[in-house]
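Residue-level structure breakdown
The primary structure of each chain is shown beneath.
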Amino acid sequence: MTPVTRVRSLSVAALAAALLAGPTAPTASAHSHPHHGGQRVPFTAATVTENAGGTYTVTWKAPGTHGVTIRTGGRAVARGGATGSVTVSGLAATDRRWFDLVPDRGASLHLADRLIRLQGTVNLRDAGGYRTTDGHWVRMGEVYRSDSLDKLTDADLAKLKRLGVRTVFDLRTESERTTAPDRVPAGATHVVADVLAGAGTFTSMPKSPAEAEAMMVEGNRFMVSGDTARTAYTTVFDGIDTDRRRGVLFHCTAGKDRTGWSNAALLTALGVPEETVMADYLASNTYRAAANEAILSHLPAPQAAVYKPLLDVRPSYLNASFDEVEEEYGSFRGYLRKGLGIDDRELEKLKRDLLVG
């Protein structure tokens, strides 16, 4: 891949950012939870979903157990067998509703809905709540991923402060940061980790949906092997590793490409299976659906068709990043070691800090 090709592919981010700057329509902490002392978590699947009207659906699978108790706010609110799904209602409003899934044997899980609902974002999510291939779970309430923070309201900022967000990594370019400066919670540290630093401005418009998708694919390759990208992601990983307080948030403009690879790399490093990593990556299409439609609806149909690939996340995009990992570093472990400078000791420490069970 020639440097010229890479610069051209990178510049698509400037166009996507410009589109996203158009009309958008935003629609108890886990920090205190200790490790489970090596006790295995019997859950093979578990989710919490906040529904309209303030109800919550909790689903789980815990093979080998006889029963699971669902607790929140210090009391049991439901019980079920080894596999179950319950909807809980009548709970008081709170910044974020946490549930403990307590099996009759093995360690419990501390979970909440992954989406953090704010007025000024549409794609701010918890990075955790996923099971690894060896049966651990990624701790929730520690690391967050998000779209742009410039539209956060004062109430949003207060909520993020209460949720413990203390460090914000800004993956955007200088022009993005200048046009839409971050608003961060009081006392939080703002760190610039510009993935596309010095990449230049957009000069070549895609002429077809296929060309636009190809540009996104090349941009995702750069996020793995580009010098500025590796520097930025090293900064993020170092920050997650060394921040003993946790409450780390990383973001770009849409929270889907630069942020998408950051989270995919983190989850993969922690041992989350490939299909789960892909599902988390593609979830941006769901969370950004209304905002993307608002953007495309202001464009003539032919132009909207060309720009849609720039607003989407697609399997081919993330697969391109993993293909680049294999081609440039031989393996994902090689990428961590040679691309980001994460040695075996640092990786094990990251797992100790962010995994339970």
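Before going into details, it helps to say that this report is about the structure given with it. Since the model is a prediction, treat every value here as computed from it, not as a measurement.

A few words on the sheet that holds strand β4 (residues 75-80). Strands sit in the order β4-β3-β6-β7 across an open sheet of four strands; the sheet is antiparallel. Whereas interior strands pair on both sides, the edge strands pair on one side only; in this sheet they are β4 and β7 (109-112). Here the strands of the sheet are splayed against their neighbours by 30 degrees on average, with no regard to which way each runs. Both strand β3 (residues 68-72) and β4 contribute to a ladder of five bridges, which runs antiparallel. Bridging across to β4, Val68 finds its partner in Gly80.

Further remarks concern the pairing of β7. Taking every second residue as pointing to the same face, both faces of β7 are buried, with Leu109 and Leu111 on one and His110 and Ala112 on the other. Pairing of strand β6 (residues 98-103) with β7, which is carried by four bridges, proceeds in the antiparallel orientation. Counted as the bridge partner of Trp98 is Ala112 from β7.

With that settled, the discussion passes to the environment of Val88. Relative to the helices and strands, Val88 is located in strand β5 (residues 83-88). We classify Val88 as buried; its relative accessible area is 5%. Residues Val88 and Thr72, spaced 16 residues apart in sequence, show a C-alpha to C-alpha distance of 10.0 Å. Beyond its immediate stretch of four places on either side in the chain, Val88 contacts Gly54, Thr55, Tyr56, Val77 and Phe99.

Rules of the game
- Residues numbered from 1 in each chain as written.
- Predicted model: local features only at pLDDT ≥ 70, side-chain atom pairs only at ≥ 80, totals over all residues.
- Heavy atoms only, no water.
- Pairing = 2+ DSSP bridges.
- Helix = DSSP H or I, 4+ residues; strand = E, 2+ residues; numbered from the N terminus.
- Axes fitted to C-alpha atoms, helices over the stretch in contact; angles between N-to-C directions.
- Buried < 20%, exposed > 50% of the residue type's maximum accessible area, 1.4 Å probe, protein only.
- Contact = heavy atoms within 4.5 Å.

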